[in-house]
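Structure at a glance
Residues per chain are reported as follows:
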There are 2 protein chains.
Amino acid sequence: MRFLLLFFALLALALADLFTAIADMEHMLGAEKDVMGVIDQYIEAERERLNKLRNFADEYSKRNAHAEEVGPEFVTNPINAYLLIKRLTSEWKKVEDIMRNNAAEKYIKNITQNRVNSQVRFPQEEDLSGAATALLRLQDTYKLDTHDLAHGVIDGEKVGKPLTAHDIFEVGRAAYNQRDYYHTLSWMQVAMNKLENEEPKSMEESEILEYLAYSLYQQGNVRRALNLTKRLAQIAPNHPRAKGNVKWYEDMLQGKD
Amino acid sequence: MRFLLLFFALLALALADLFTAIADMEHMLGAEKDVMGVIDQYIEAERERLNKLRNFADEYSKRNAHAEEVGPEFVTNPINAYLLIKRLTSEWKKVEDIMRNNAAEKYIKNITQNRVNSQVRFPQEEDLSGAATALLRLQDTYKLDTHDLAHGVIDGEKVGKPLTAHDIFEVGRAAYNQRDYYHTLSWMQVAMNKLENEEPKSMEESEILEYLAYSLYQQGNVRRALNLTKRLAQIAPNHPRAKGNVKWYEDMLQGKD
């Protein structure tokens, strides 16, 4: 337990470097509560949009059915002809407009403005990779087990929630970006195991496979790298690099490199 | 009745010029039936998106509440710190993505493709103004009453559905585009009367007001044009031309022109 306290104190120092506003956490989380209200409003606005579309489409459909029932003579009446053409042009355009008119930008802008008004610095992408790097650094220093960390266990004690496959993957990616393929391999393997039992899945298997294969190759296991890349090419046939990588690993195994 | 038949035969000729594919009406309406199925699919997909957003936002909120409950020491735990920062960055981004990810373009593309596959020529904007012009030409030739036409009545006989304010407005606009201010005035006035009793409204009053005022001015009634434009400036304070037009009509009444 003493070990854990020291450990956390060290981490707090490490994070202070990375994300100076962490002390503002309570303000930040307070500000985030308003966000939920804005999302509720957005969902309500979108439901209304869909109802409006439903009504409009029903009306459109009903009128077309009537015209079809009457048959071709329907349009020999000048008013019907005008209304039919109007429906198929400007009213159809209105249906398209309702379909396109997602209110997301307006509400996202509101949320961004709320955050600015809260005067709290929210974390950015670089803070995320910083926090992942801090975790890796501590893992290295204290020889912590990846599987334990990923399950919220430090030094035999449960100290946090278990991570999702995507949480684990992001730590692996931080290791990859530092060319630390030893830790990349270890985190990507745990991410893959986690993903297998996850429901709903927090990410796609194909995202992990490429990192996993490359770190295996870097650790000298070309044959397994090849097998995983073949699997990647199979489950993601449009992957931009999978087929090329299969060939690259195959050539390597045949000593063509 | 004989008059009506002749009338409709003439109209059929007039429309044949405007919209040669009108004979294909049944095919066209048949093809439109598929559209309803696509719109249903779209609404279903959008509802699923909103449910996903709801679940994601609830989860996001629940976790933030837990962190706030624990207080600042929450982040002295390295796993919590990492997860909190991840939530406020990449998971928040996912919420935004779900909000933005309106499927409209995909479904509209499907509908457009259906129409292309049906090999029927659908009417375009110019067919609509053509049909409105045909209606005006016949009104002129046979001295038909605007109010009657707008209520689906020709020569005392009910031959079609009543038009909405927006249907009537579009005929008025066709007259305006031909600088036929006599008919513009008459149709815009009927559109305005219709709109007053309409629920739900098929358009905004402000759209009619500018056309109505301008046609009144063209017919010599500057004072009423000014009054309606004042009303426009009042109900649509951001209208791009209302305030300028008020001044223009005022100057005209004071003989400054």
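This is a predicted model, so every value here is computed, not measured.

**A closer look at the overall build of chain A**
Within chain A, the regular secondary structure consists of 11 helices and two strands. In sequence order, the secondary structure elements of chain A are arranged as α-α-α-α-α-α-β-β-α-α-α-α-α. Here chain A, with 257 residues, has 50% of them falling under the buried criterion. Of all intrachain contacts in chain A linking residues separated by at least 6 positions in sequence, the fraction that spans at least 24 positions is 65%. Summed over all atoms, the accessible surface of chain A reaches about 13,200 Å², with 49% contributed by carbon and sulfur.

**Here's the deal with the confidence of the model for chain A**
All names here are of chain A. Per-residue confidence for chain A gives a mean pLDDT of 85; residues scoring 70 or more make up 89%. The weakest mean pLDDT in chain A belongs to helix 1 (residues 2-18) at 55; the strongest belongs to helix 8 (residues 181-196) at 97. Two summary scores accompany this predicted model of the complex, namely pTM at 0.71 and ipTM at 0.78.

**So, the relation of the copies chain B and chain A**
Placing chain B over chain A gives an RMSD of 0.1 Å and needs a rotation angle of 180°, together with 0.0 Å of translation along the axis. Accordingly, the operation relating the two chain copies is best matched by a two-fold axis. Residue Asn102(B) of chain B places its C-alpha closer to the rotation axis than any other residue of that unit, at 3.2 Å. Comparing contact sets, 100% of the residues at the interface of chain B also lie at the interface in chain A, consistent with an isologous, same-surface contact.

**A look at the interface of chain B and chain A**
With 91 residues of chain B at the interface, the matching set in chain A holds 92 residues. It is Ile79(B), Tyr82(B) and Met99(B) that lose the most area in chain B upon contact with chain A, and together they represent 9% of the buried surface on that side. Summed over the shared surface of chain B and chain A, the number is eight salt bridges. The partner of Arg100(B) in a salt bridge is Glu105(A), and the shortest N-O contact between them spans 2.6 Å. For the interface between chain B and chain A, the tally reads 22 residue pairs in polar contact (both at pLDDT 80 or more). Secondary structure elements with two or more residues in the side of chain B that touches chain A: helix 1 (2-18), helix 2 (25-70), helix 3 (78-100), helix 4 (104-117), helix 5 (125-141), strand 1 (153-154) and helix 7 (165-177) of chain B. With 28 residues, the single largest contributor to the side of chain B that touches chain A is helix 2 of chain B. The residue makeup of the side of chain B that touches chain A, split by class, is 50 nonpolar, 19 polar and 22 charged.

**Some words on the nonpolar core**
In terms of nonpolar packing, the biggest core is built from 57 residues, with Ile39(A), Ile39(B) and Tyr42(B) touching the most fellow members. When residues no more than four places from it in sequence are discounted, the contact partners of Ile39(B) are Leu53(A), Ala57(A), Trp92(A), Val95(A) and Ile111(B). In terms of nonpolar packing, the next biggest core, distinct from the first, is built from 46 residues, Tyr82(A), Leu135(B), Met203(B) and Ile208(B) among them.

**Structural notes on the pattern of salt bridges**
All names here are of chain B. A complete count under the given rule lists 30 salt bridges over all chains for this structure. Ionic pairing is found between Glu-59 and Lys-62, a salt bridge with its closest N-O pair at 3.6 Å. Within this pair, Glu-59 and its partner Lys-62 are both found in helix 2, separated by three residues, close to a single helical turn. Taking relative accessible area as the criterion, Glu-59 reaches 34% and is therefore assigned partly exposed. Residue Lys-62 is classed as exposed on the basis of its relative accessible area, which comes to 56%.

**Some points on helix 10 (residues 222-235) of chain A**
All names here are of chain A. Spanning 14 residues, helix 10 covers 20 Å between terminal C-alpha atoms, matching the ideal 20 Å at 1.5 Å per step. Burial in helix 10 covers these residues: Val-222, Ala-225, Leu-226, Leu-228, Thr-229 and Leu-232. Residues of helix 10 that are buried make contact with helix 9 (205-218) and helix 11 (242-253).

**What to know about the side chain of Asn80(B)**
Relative to the helices and strands, Asn80(B) resides in helix 3. What Asn80(B) contacts, discounting residues up to four positions off in sequence, is Val159(A), Gly160(A), Lys161(A) and Phe74(B).

**Some words on the domain arrangement of chain A**
Domain boundaries in chain A define domain 1 (24-117) and domain 2 (125-253). Centre-to-centre, using C-alpha coordinates, domain 1 of chain A lies 42 Å away from domain 2 of chain A.

**Some points on helix 9 of chain A**
Residues and elements named next belong to chain A. In this model helix 9 runs 20 Å from its N-terminal to its C-terminal C-alpha over 14 residues, within 8% of the 20 Å that 1.5 Å per residue would give. Looking only at helix 9, the buried set comprises Ser-206, Ile-208, Leu-209, Tyr-211, Leu-212, Ala-213, Ser-215 and Leu-216. Against the buried residues of helix 9 lie helix 7 (165-177), helix 8, helix 10 and helix 11. One or two steps after helix 9, the chain reaches Gly-220, where phi turns positive at roughly 95°.

**Topic: the environment of Pro200(B)**
Along the chain, the position of Pro200(B) falls in the loop between helix 8 (181-196) and helix 9 (205-218). Remark: the alpha-carbon pair of Pro200(B) and Leu29(B), spanning 171 residues in sequence, is separated by 26 Å.

About the cut-offs
Residues numbered from 1 in each chain as written. Chains lettered and ligands numbered in written order. Predicted model: local features only at pLDDT ≥ 70, side-chain atom pairs only at ≥ 80, totals over all residues. Heavy atoms only, no water. Helix = DSSP H or I, 4+ residues; strand = E, 2+ residues; numbered from the N terminus. Buried < 20%, exposed > 50% of the residue type's maximum accessible area, 1.4 Å probe, protein only. Contact = heavy atoms within 4.5 Å. Areas by Shrake-Rupley, 256 points an atom, 1.4 Å probe, with all protein chains shown as cover. pLDDT = per-residue confidence, 0-100. Least-squares fit on C-alpha atoms with pLDDT ≥ 70 in both. Buried area = accessible area lost by both parts, 1.4 Å probe. Salt bridge = Lys/Arg side-chain N within 4 Å of Asp/Glu carboxyl O. Polar contact = N/O pair within 3.5 Å; in protein donor to acceptor, adjacent residues only side chain to side chain. Nonpolar A, V, L, I, M, F, W, Y, C, P; charged D, E, K, R; others polar. Core = buried A, V, L, I, M, F, W, Y, C linked by side-chain atoms within 4.5 Å. Expected span 1.5 Å × (residues − 1). Domains from an automatic or database assignment.

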